[in-house]
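If you want the building blocks of each chain, they are given just below.
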Amino acid sequence: MMAKRKISLNELSERVDLTLSNLSILKTGKAKAIRFSTLESICKALDCQPGDLLEYVSEE
Amino acid sequence: MSKRSDLVFKGLHVIVWIIFVGLSIEAGGIIVNFIYSLFKPAVIHHLYQKLDLSEMYARSQVAYFAMYTLLMVIAVMKAHLFYVVIKLMMNFNLAKPFNMVAVAQITHISYYTLSIGLMSYFARETTRYLQQHGFEVDKLNQFWGDGQAFIIMAAVIYVIASIFRKGVEIQNENDLTV
């Protein structure tokens, strides 16, 4: 989604007011949970839906 | 509130150091007495804290060495326990207390405390056995009268370690929540 909107991690972190390390945690899939407020601000910055950012993968 | 808890923590640290020094002196005194008694048995009349095991030594040297070894081991273990507590307190970060190092150290303290409790219980039972066989052992009980307290303390510390383990999980989850 970041590539589609041609936005870098630095720029996104400025727009959503999240640190680079937190964004990196989210990007690399290491995050255990995400607040709705964070999800909302990222969707707003990238002009997309939560479904565009989240994907369910079965642990099997 | 955080300044107050910092002050309490520092106060506890000082107290733990004082107890550690006291226990180290006791353990050192007991060990020195033992080594000295090997070369000069006359000193067995006046051991650490006015302990007189001369009668036991005269009746059975095995009993004397067994009881004194128990005495030394328990004294050293108690001093070492407080050393481990000091190490934990020195590495403890009140701002972020839940980490695996603290959990490991607290678990180690609980096992160690349990060992001291069991050792003290064993020593007390041995003392009782010797007393039944006519040995004069009343003054030895002062060194292991607190065995049950150590066992209870071990259980409480184990519960605290379990809580800390859960705290680490919750803190990790919190750290990885964006």
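As the structure is a computational prediction, the values presented were derived from the model and not from experiment. Per chain, the residues get numbers from 1 upward, laid out in the order the sequence is written. Working convention: letters from A go to chains and numbers from 1 go to ligands, in the order in which they are written. Per-residue local features are limited, in this predicted model, to residues with pLDDT of at least 70; the limit for side-chain atom pairs, both in listing and counting, is 80 or more; totals at the level of whole chains, interfaces and linings are taken over all residues. With hydrogens and water set aside, each side-chain value is computed from the structure's full complement of heavy atoms.

Visitor: Any chance you could explain the nonpolar core here in plain terms?
Guide: It is characteristic of soluble globular proteins that their nonpolar side chains tend to be buried jointly. All names here are of chain B. We call a set of buried residues a nonpolar core when its members are Ala, Val, Leu, Ile, Met, Phe, Trp, Tyr or Cys and they connect through side-chain atoms within 4.5 Å of each other. When accessible area is computed with a 1.4 Å probe and restricted to protein chains, residues below 20% of their type maximum are described as buried, those above 50% as exposed, and intermediate ones as partly exposed. By size, the foremost hydrophobic cluster in this structure holds 25 residues, and its most contacted members are Leu53, Met56, Tyr64, Tyr68, Leu71, Leu140 and Trp144. Comment: elements are numbered from the N terminus, with helices defined as DSSP H or I runs of at least four residues and strands as E runs of at least two. The set of elements that each furnish at least two residues to this core consists of α1 (2–39), α2 (54–59), α3 (61–91) and α4 (100–132). Broken down by element, this core gets its largest block of residues, 9 residues, from α3. Residues count as neighbours in contact if any of their non-hydrogen atoms are within 4.5 Å of one another. Filtering out sequence-adjacent residues up to four positions away, tyrosine 68 remains in contact with Ile30, Asn33, Phe34, Leu47 and Leu53. Residues Val16, Val84, Phe150 and Ile157 belong to the second largest nonpolar core, which totals 24 residues.

Visitor: I would appreciate a short explanation of the side chain of serine 120 of chain B in the present structure.
Guide: Residue and element names in this part refer to chain B. Counting through the fold element by element, serine 120 comes out in helix α4. Given a relative accessible area of 1%, serine 120 falls into the buried group. Contacts of serine 120, omitting those with residues within four sequence positions, involve Ile74, Trp144 and Gly147.

Visitor: Explain helix α1 (residues 9–16) of chain A here, please?
Guide: Three- or four-residue spacings in an α-helix give side chains the same orientation, since the helix completes a turn every 3.6 residues. All names here are of chain A. Within α1 the residues assigned to the buried category are Leu12, Ser13 and Val16. Looking down the long axis of α1, one finds its buried residues gathered within 100° of arc, a one-sided arrangement. Phi turns positive one or two residues past the end of α1, at aspartate 17, with a value near 55°. Taking the helix axis as origin, the arc is that swept by the directions to the C-beta atoms.

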